[in-house]
Amino acid sequence: MAYLDNIAVFVRVVELGNLSAAGRDMRISPAVASNRIKELEKHLGVRLFNRTTRQLMPTEHGTVFYTGAKQVLDAITEAEAAVAALSGQPRGTIRVTAPLGLGRRLIASGIPDFHDKYPDIEVRLRLSDHNVDIMKEGIDVAFRLGIIEDSSLRMRGIMECERVLVAAPKYLEARGEPVEPQELVGKKHDCLMLRYAGAREYVWTLQTPGGPQKFEVHGPYDTDDGDVLTGWALSGRGIINKPRFEVEPFIRDQRLKVILPQTPPTAVQFAAVYPHKKLQDPKVRLLLDFMAERCQRLIKDILAGK
């Protein structure tokens, strides 16, 4: 088992690029992770990494060993999943990621309940509004809002979510309320957007009588945190484009107002994506079933004002 543990640490260091990140991911200290890499190098008789001040890069030997090591770990994971399916007792770790707002409202609060129901399954949740590379970072399930284009992943749709444009009454009093979509651009409204490296949604697509139309809106600042956008909108700083369930409580108490209701943004797909091989893992299927039912119920309750 010690040798397999060393291999597992090596694989995570390659995937995450440094000892600290791999250690945090595997819940061991950087010193322990470093020792395991040294033990593996001693066993193999080669150096596996070129060490720089910020990152560990695999040597030629390391790159070759990674390919085989990854296959070994995947084979063990699949074998364990097959045994769990036969025994009816799924166990192990699931790595999950979700956007910040969605994760806080819907996913995070459900994980303790899921663990209560399946105490042998450990869930490690990572929240980020960035587009996490599932394959590179060893994620088992990613909950996402938006278009899923990666053909190497499986997708399970959870529900289609209505989106709305909203702004605070304070902003609309100061800048005027748009009555047609073109005014967002023509009158240079402050449209606050979610931006980060690799983001694709730099325009707003609205449903017009002529069909979906893209508008290249602009704003004085942006962020990579969706909840920060909502905070700015609440303080009267601009217009935001959000899934309705995220802002419904503020619409209900009139802190935000829906604008351009006749030409709303196109809906967004709420889905779970995961690598193809994870479809056969019973613990992943259990999590998908649990979260899909729970998220559908919570979103409906939010929209109904419960």
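Residues numbered from 1 in each chain as written. Predicted model: local features only at pLDDT ≥ 70, side-chain atom pairs only at ≥ 80, totals over all residues. Heavy atoms only, no water.

Per an unreviewed UniProt entry, the chain carries the name Transcriptional regulator and comes from Mesorhizobium plurifarium. Listed under Sequence similarities (unreviewed entry) in UniProt, the entry text for the chain is "Belongs to the LysR transcriptional regulatory family." (UniProt positions renumbered as here; feature names shortened; annotations may be inferred.)

Bringing the sheet that holds strand β4 (residues 121-127) into the picture now. Pairing is mixed in the open sheet, where five strands are placed in the order β4-β3-β5-β14-β6. Every interior strand has two partners, whereas the edge strands, β4 and β6 (153-161), have only one. Neighbour to neighbour, the strand axes of the sheet diverge by 20° on average, direction disregarded. With seven bridges joining them, strand β3 (residues 92-98) and β4 adopt parallel strand pairing. Residue pairing in the sheet places Ala98 in a bridge with Leu127 of β4. Packed on one face of the sheet, helix α12 (residues 282-303) meets β3, β4, β5 (141-145), β6 and β14 (268-275) and runs near 15° to β6. (Pairing = 2+ DSSP bridges. Helix = DSSP H or I, 4+ residues; strand = E, 2+ residues; numbered from the N terminus. Axes fitted to C-alpha atoms, helices over the stretch in contact; angles between N-to-C directions. Contact = heavy atoms within 4.5 Å.)

Here we come to unusual backbone geometry. Note: most residues except glycine have negative phi, and most peptide bonds are trans. Non-glycine residue Arg27 carries a positive phi angle of around 60°. Structurally, the position occupied by Arg27 is in the loop between α2 (19-26) and α3 (30-44). For Arg27, a relative accessible area of 55% corresponds to the exposed category. Positive phi, close to 50°, is recorded for Lys188, a residue that is not glycine. In this structure, Lys188 sits in the loop between α9 (182-186) and β8 (193-194). A relative accessible area of 67% places Lys188 in the exposed class. (Buried < 20%, exposed > 50% of the residue type's maximum accessible area, 1.4 Å probe, protein only.)

This paragraph deals with the sheet that holds strand β13 (residues 257-259). As summarised here, the arrangement of the three strands in space is β12-β7-β13, forming an open sheet in which the pairing is antiparallel. Only two strands of the sheet have a single neighbouring strand rather than two, namely β12 (240-243) and β13. Along the sheet, successive strands turn relative to each other by an average axial angle of 55°, direction set aside. Inspection of the sheet shows strand β7 (residues 163-167) paired to β12 by four bridges, in the antiparallel sense. Bridging across to β12, Leu165 finds its partner in Asn241. Along the sheet, helix α11 (residues 244-252) contacts β7, β12 and β13; its crossing angle with β12, the most-contacted strand, is approximately 110°.

Considering all chains together, one arrives at five aromatic pairs under this definition. With 5.3 Å between their ring centres and 55° between their planes, Phe10 and Phe65 make a pair best called tilted. With Phe10 in helix α1 (residues 2-16) and Phe65 in helix α4 (residues 60-87), the pair connects residues that are 55 residues apart, well separated along the chain. By relative accessible area, which is 0% here, Phe10 ends up buried. On the numbers, 5.0 Å between centres and 50° between planes, the contact of Phe114 with Tyr118 is tilted. Through pairs of rings, three or more aromatic residues link up here, namely Phe10, Phe49 and Phe65. (Phe/Tyr/Trp six-rings, centres within 6.5 Å; stacked < 30°, edge-to-face > 60°.)

A word on the side chain of Arg163. Looking at where Arg163 falls in the secondary structure, it is placed in strand β7. Looking at Arg163, its side chain comes within polar contact range of the main-chain oxygen of Thr266, at 3.0 Å. (Polar contact = N/O pair within 3.5 Å; in protein donor to acceptor, adjacent residues only side chain to side chain.)

What follows deals with the pairing of strand β9 (residues 204-208). For β9, the tally of buried residues reaches four of five residues, placing the bulk of the element in the interior. Bridging between β9 and strand β10 (residues 211-215) involves five bridges; their strand directions are antiparallel. For Thr208, the partnering residue across the bridge sits in β10 and is Gly211. Adjacent in sequence and paired antiparallel, β9 and β10 are bridged by two residues.

Enumeration over the complete set of coordinates arrives at 20 salt bridges. Between Glu162 and Arg244 there is a salt bridge; the shortest N-O distance is 3.6 Å. One end of the pair, Glu162, is in the loop between β6 and β7; the other, Arg244, is in helix α11, and 82 residues separate them in sequence. Taking relative accessible area as the criterion, Arg244 reaches 21% and is therefore assigned partly exposed. (Salt bridge = Lys/Arg side-chain N within 4 Å of Asp/Glu carboxyl O.)

Right, let's get into the environment of Lys283. Its location among the elements puts Lys283 in helix α12. The spatial distance from the C-alpha of Lys283 to the C-alpha of Thr223 is 35 Å, given a sequence separation of 60 residues. Discounting chain neighbours no more than four positions away, the residues touching Lys283 are Pro90, Arg91, Gly92, Thr93, Ile94, Phe114 and Ile121. Polar contacts involving the side chain of Lys283 include one to the side chain of Asp281, which spans 2.8 Å.

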